[in-house]
Every structure is written in C-alpha cells, then in structure tokens.
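Residue-level listing of the chains:
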Amino acid sequence: MTAPMLTLTGVAKGYGPVPALAGVDLEVARGDLLAVLGPSGCGKTTLLRCVAGFERVDAGTVEVAGRAVAGAGGHVPPHRRRVAVVPQDGALFPHLSVADNVGYGLDRAQRRGGRIAQVLELVGLGGYDRRMPHQLSGGQQQRVAVARALAPRPPLVLLDEPFSALDAQLRTGLRADVRAALRADGATGVLVTHDQGEALSMADAVAVMNGGRIVQCAAPAEVYRDPADPWVARFVGDAVLLPATADADVAVTPLGRLPLRGPSGAGAVTVLIRPEQLRLERAGDCAATVVRQTYHGHDALTTVRLADGTLLTARTLDEGTALPAGARVGVTVRGAVRAYPGSA
Ligand SMILES: Nc1ncnc2c1ncn2[C@@H]1O[C@H](COP(=O)(O)OP(=O)(O)OP(=O)(O)O)[C@@H](O)[C@H]1O
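The name recorded for the protein in an unreviewed UniProt entry is ABC-type quaternary amine transporter, from Micromonospora auratinigra.

Right, here's the structure in full:
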C-alpha cells in the first residue's frame with residue numbers, strides 16, 4: 001500500500017491560552033480530496049495553516065508525501081513544502097494577466113512546455129490567458145486561482161473555503177469542475193468548508209471537526225448515514241433525534257418498534273432518523289397532526305406533532321403531498337435507525 005499523501009499525528013496548536021487544535025490525527029490518501037468540515041471557530045483554518053507551514057505546531061507531526069515538514073524534527077518553511085494553497089478570495093495578482101498569474105510559480109521550461117494552457121483548459125478557461133483579473137467574474141477568478149495552484153504539480157493542494165464568496169448556482173458548477181480538475185491532474189486535496197453540502201458532494205472523505213478535534217473521519221455516505229454521535233448527526237444534515245429504549249436489535253420509540261442499525265447497547269438510547277426516512281400518509285393510523293409544511297421546490301419539509309407532543313420533521317419528494325396544518329396523518333419509518341447510548 002502506498003503511503004498517505006498527508007499524515008497528521010497528534011497535532012496541537014494554541015494561540016495563547018486558546019487551544020485551536022487539540023491533538024489532531026488525520027490521513028489523506030494519494031489522489032483523494034478530503035473535506036475538513038466544522039462550525040466557525042472549530043480550528044479548520046488553523047489546521048490548514050499548520051499543513052501549509054504558515055503556523056508552527058506546538059506538538060505533533062505533519063508529513064507530506066512521507067516527508068516530515070513539521071514537528072520535533074523542525075519546521076520546513078511554506079515555500080519548501082510543495083503544498084499549494086487556494087485562498088478564499090483567490091488573491092490573484094491584479095497587475096498580471098491570467099497566464100502570468102498561472103505561470104507565476106513555474107520555471108521557464110515549464111512555462112514554455114504548455115503547462116499554463118493545460119491547466120487553464122482543466123479549469124474550463126482555455127483561451128482566457130490574456131485577460132486581466134478585473135475582466136473576470138468572481139467564479140472565473142477562483143478558477144484561475146485553482147489553475148495557479150495546480151500549475152507546478154504540487155503533491156498537495158489546500159483549498160480554504162474557495163467558493164464561499166460565490167452565489168449558490170455558481171458554486172454548484174464550480175465545485176464539480178474543480179473536483180474534476182484535481183482528479184484529472186492526479187492532485188491530492190484538502191478542502192476546508194463549513195458547508196455540509198459542499199463537503200458531502202465533493203469529497204472522498206469528510207473529517208468533521210468540533211472544538212479543535214476530529215470527531216469523525218469517513219466517506220461522505222458513512223458520515224451522513226452513520227454519524228459518530230448526535231452532534232455530528234445534526235451538523236451534517238437535518239436530524240430527528242428521539243428518546244427510545246433499545247432491546248436487542250430493536251428500539252422502542254414514540255413511532256413504534258424500529259429495527260436498529262449497528263451496535264447500541266441496551267436501555268435508554270437516542271435514535272437518529274433522517275427526515276427522508278419518514279413517510280406521511282393520509283390513510284393508516286392517525287398518529288400525528290400536521291403543524292406546518294414548507295415547500296422548497298425539490299422537496300418539502302413537513303413538521304408533525306405526535307399524540308405525546310413530540311415534533312418531527314419529514315422530507316417529502318412527491319408533489320401530490322401538500323398537507324394543510326391540522327391534517328391528520330400516519331407516520332411510518334423506512335429502513336433501520338442508528339441509536340446512541342443515553343437520552344436525547
Ligand atoms: N491569530 C489568532 N490569534 C488568536 N486566536 C486565534 C487566531 N486565529 C484563530 N484563533 C482562534 O482559534 C480558534 C480556531 O480558529 P480557526 O480560524 O482555525 O477556526 P475556523 O474553523 O477556521 O473558523 P471559521 O470557519 O470561522 O474561519 C478560534 O477560537 C479562533 O478565535
């Protein structure tokens with residue numbers, strides 16, 4: 001097995017008394033894109049800056065392509081790490097053309113070898129080489145920033161919330177194109193984001209951070225389907241968390257007996273149900289009353305109240321399910337549910 005492209009072992013970093021990273025262990029496989037996902041202030045940017053070399057770690061080690069770049073052995077400066085950074089605002093040189101921005105880190109042979117045109121093609125900007133940054137849209141400027149990062153073929157590309165300043169529609173297209181460009185170039189990437197959709201849709205693996213620690217690192221589907229704890233469950237998507245009692249492979253819940261997925265222990269548990277697992281039907285047991293429904297185009301979210309007062313939100317996809325407040329519905333759960341020890 002080939003060594004990971006990036007390995008962090010026990011990395012700690014504080015700013016004065018504030019611990020921004022509290023012992024981070026992480027591996028990124030070659031060619032993968034890892035998303036570091038977490039709320040504001042959890043330490044994402046600090047982690048990226050420690051990998052890039054802009055910050056010195058207080059403890060632990062950072063290895064890039066098997067070579068120690070930070071730790072007890074010393075601190076390799078950023079320009080010697082062969083790690084490229086795509087900043088939030090692109091940070092293009094305003095007085096340089098697109099081609100000169102992209103070619104900035106290349107030697108003469110690389111510039112002449114057609115690498116600039118190649119990476120501009122990769123990011124969908126073939127033919128834009130003579131434009132100046134102010135003649136580009138925000139999205140195009142970010143594409144140039146990605147091309148500039150890829151140009152010298154760095155083993156590792158770090159992307160620091162690169163799409164956050166762009167509007168939603170532009171972001172979706174750019175995410176897919178940037179993912180494809182990284183893949184086509186064989187680059188390994190680390191993407192910092194606080195956007196769950198971005199992390200789940202782009203990355204091969206998602207590291208969820210909270211309070212300076214990685215609380216879960218797994219494939220996107222696993223993080224969504226099998227979150228490590230109720231906090232992760234809520235952070236990576238909409239979550240219905242209900243108190244229940246586990247009994248072997250079944251949980252006794254306000255919605256009846258539900259099959260359990262994975263280990264849970266016995267006794268008081270909290271079960272996780274995703275809103276798309278809930279089915280609301282006019283027929284059947286009138287177990288709930290509709291409180292409100294909000295329409296989102298691709299789906300609708302319907303909040304219902306059970307007889308015991310519990311509120312649940314279901315996601316429905318079919319157009320024929322407009323449900324007025326006060327309507328009586330039956331609630332059923334599709335598939336197995338995950339349970340966590342303790343009450344909600
Ligand atoms: N230069 C600094 N001096 C002092 N404290 C800092 C400094 N930079 C970051 N911090 C603190 O370290 C913690 C982690 O910050 P960091 O910027 O890494 O978080 P983040 O997850 O990237 O947040 P955001 O999503 O808001 O950018 C926060 O409590 C922050 O206030």
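**Q** Explain the site of the ligand here, please?
**A** Every residue near the ligand is listed here: Y15, V18, A20, G38, S40, G41, C42, G43, K44, T45, T46 and H194. Within the residue set of the shell around the ligand, elements represented by two or more residues are β2 (18-28) and α1 (44-52). With three residues, the single largest contributor to the shell around the ligand is α1. Its residues assigned to classes, the shell around the ligand comprises four nonpolar, seven polar and one charged.

**Q** When you look at helix α4 (residues 115-122) in this model, what are you seeing that I'm missing?
**A** Residues lying three or four places apart along an α-helix face the same way, a consequence of the helix completing one turn every 3.6 residues. Those residues of α4 lying buried are I116, V119, L120 and L122. Down the axis of α4, the sector holding all buried residues measures 155°, keeping them to one side. Those residues of α4 that are buried lie in contact with α2 (98-102), α3 (108-112), α5 (138-150) and α6 (168-184). Positive phi shows up at G124, right after α4, with a value of about 80°.

**Q** Hey, could you run me through the UniProt feature "domain: ABC transporter" (unreviewed entry) in the protein in this one?
**A** When the UniProt feature table is mapped onto this chain numbering, "domain: ABC transporter" (unreviewed entry) sits at residues 6-236. Helix makes up 33% of residues 6-236 and strand 29%. Its end C-alpha atoms lie 24 Å apart.

**Q** I tried to follow the sheet that holds strand β16 (residues 278-281) on my own but got confused; where do I start?
**A** In a beta sheet, neighbouring strands pair by backbone hydrogen bonds and run either parallel or antiparallel. Taking strand neighbours across the sheet as the criterion, the five strands line up as β16-β20-β17-β18-β19 in an open arrangement whose pairing is antiparallel. Where the open sheet ends on each side, the last strands, each with one partner, are β16 and β19 (311-316). Between one strand and the next, the sheet's axes are offset by a mean angle of 40°, whatever the strand orientation. In this sheet, strand β20 (residues 328-333) lies alongside β16 in antiparallel orientation, the contact comprising four bridges. When the sheet's bridge partners are listed, R279 is paired in β20 with T332.

**Q** How do you make sense of α5 when you look at a structure like this?
**A** For α5, which comprises 13 residues, the first-to-last C-alpha distance of 19 Å matches the rise-based estimate of 18 Å (1.5 Å per residue) to within 8%. In terms of burial, α5 is largely enclosed, as eleven of its 13 residues are buried. By the burial criterion, the buried members of α5 are Q140, Q141, Q142, R143, V144, A145, V146, A147, R148, A149 and L150. Tucked inside the fold, the buried residues of α5 contact β7 (83-86), α2, α4, β8 (156-160) and α6.

**Q** Help me understand the domain arrangement of the protein in this model?
**A** Think of interface size as the accessible area that goes away when the parts come together; that is how it is often given. Taken domain by domain, the protein comprises domain 1 (6-232) and domain 2 (247-341). Inter-centroid distance (C-alpha atoms) of domain 1 to domain 2 is 38 Å. With four residues of domain 1 at the contact, the number on the domain 2 side is five residues. Within the side of domain 1 that touches domain 2, the residues separate by chemical class into two nonpolar, no polar and two charged.

**Q** When you look at the pairing of strand β14 (residues 256-259) in this model, what are you seeing that I'm missing?
**A** Within a regular strand, the side chains alternate between the two sheet faces. Across four bridges, strand β13 (residues 250-253) lies against β14 in antiparallel orientation. Note that in β14 the partner of A251 across the bridge is L258. Adjacent in sequence and paired antiparallel, β13 and β14 are bridged by two residues.

**Q** How should unusual backbone geometry be read in this particular structure?
**A** For residues other than glycine, phi is negative in most cases, and the peptide bonds are mostly trans. Notably, A65 is not glycine yet its phi reads approximately 50°, a positive angle. Here A65 is to be found in the loop between β4 (59-64) and β5 (67-71). The backbone of R153 sits at a positive phi, close to 55°, despite the residue not being glycine. The residue R153 is located in the loop between α5 and β8 in this model. For R153, a count of 14 C-beta atoms within 10 Å corresponds to the partly exposed category.

**Q** Hey, could you run me through the confidence of the model for the protein in this one?
**A** Predicted coordinates in regions of low pLDDT should not be interpreted in detail. Chain-level statistics for the protein give a pLDDT mean of 88 and a share of 97% at 70 or above. Overall fold confidence (pTM) sits at 0.89, and the ipTM for the predicted complex is 0.96.

**Q** I keep staring at the sheet that holds β4 and nothing clicks. Help me out?
**A** Read from one edge of the open sheet, five strands run β2-β1-β4-β5-β6, paired in antiparallel fashion. The two strands at the open ends of the sheet, each matched to only one other strand, are β2 and β6 (74-75). Where β5 meets β6, two bridges bridge the pair, whose relative direction is antiparallel. Each residue of the ladder has a partner; that of G71, found in β6, is G74. Lying over the sheet, α1 contacts β1 (6-15), β2, β4 and β5, oriented at roughly 65° with respect to β2.

**Q** Would you explain the packing of α5 against α6 in this entry?
**A** Angle between the axes and distance between the axes are the two parameters that describe a pair of packed helices. Two elements in contact, α5 and α6, have axes separated by 11 Å at closest approach and are oriented at 15°. As judged from the angle between their axes, α5 and α6 are roughly parallel. By crossing handedness, the relation of α5 to α6 is classed as right-handed. Contacts from G139, Q142, V146 and L150 of α5 reach α6 at L170, L174, V178 and A181.

**Q** Could you clarify how one ought to interpret the pairing of β2 in this entry?
**A** Bridging between β1 and β2 involves eight bridges; their strand directions are antiparallel. Of the residues in β2, the one forming a bridge with V11 is V24. Where β1 folds back onto β2 in an antiparallel hairpin, the turn is made up of two residues, including G16, whose phi is positive at roughly 60°.

The rules behind the values
- In this numbering scheme, every chain counts its residues from 1 along its sequence in written order.
- The predicted nature of this model means local features are confined to residues of pLDDT at least 70 and side-chain atom pairs, given and counted, to a pLDDT of 80 or more, with totals for whole chains, interfaces and linings taken over all residues.
- Residues are classed as near a molecule or strand if the C-beta position derived from their backbone is within 6 Å of it.
- The helix and strand labels rest on DSSP assignments: H or I over at least four residues marks a helix, E over at least two residues marks a strand, and numbering proceeds from the N terminus.
- Amino acids are sorted into nonpolar (Ala, Val, Leu, Ile, Met, Phe, Trp, Tyr, Cys and Pro), charged (Asp, Glu, Lys and Arg) and polar (every other residue, Gly among them).
- Any residue surrounded by 20 or more other C-beta atoms within 10 Å of its C-beta is treated as buried, while 12 or fewer makes it exposed and the intermediate range makes it partly exposed; C-beta atoms here are placed from the backbone.
- Taken from the helix axis, the directions to the C-beta atoms give the arc we talk about.
- Here, residue contact means that the backbone-derived C-beta atoms of the two residues sit within 7 Å.
- UniProt positions are given in the numbering used here, feature names are shortened, and annotations may be inferred rather than shown by experiment.
- Two strands form a pair only when DSSP identifies at least two bridges running between them.
- Geometry is summarised by axes, namely lines fitted to C-alpha atoms with helices restricted to the contacting stretch, and by angles between N-to-C directions that run from 0 to 180 degrees.
- The span one expects for a helix is its residue count, reduced by one, times 1.5 Å.
- Where each domain starts and ends follows an automatic or database-derived domain assignment.
- Scored from 0 to 100, pLDDT records how confident the predictor is in each individual residue.
- What sets the label is the angle itself: under 35 degrees gives roughly parallel, over 145 gives roughly antiparallel, 65 to 115 gives roughly perpendicular, and the rest give oblique.
- Take the far helix as the reference: if the near one is turned anticlockwise from it by less than a right angle, the crossing is left-handed, and if turned clockwise, right-handed.

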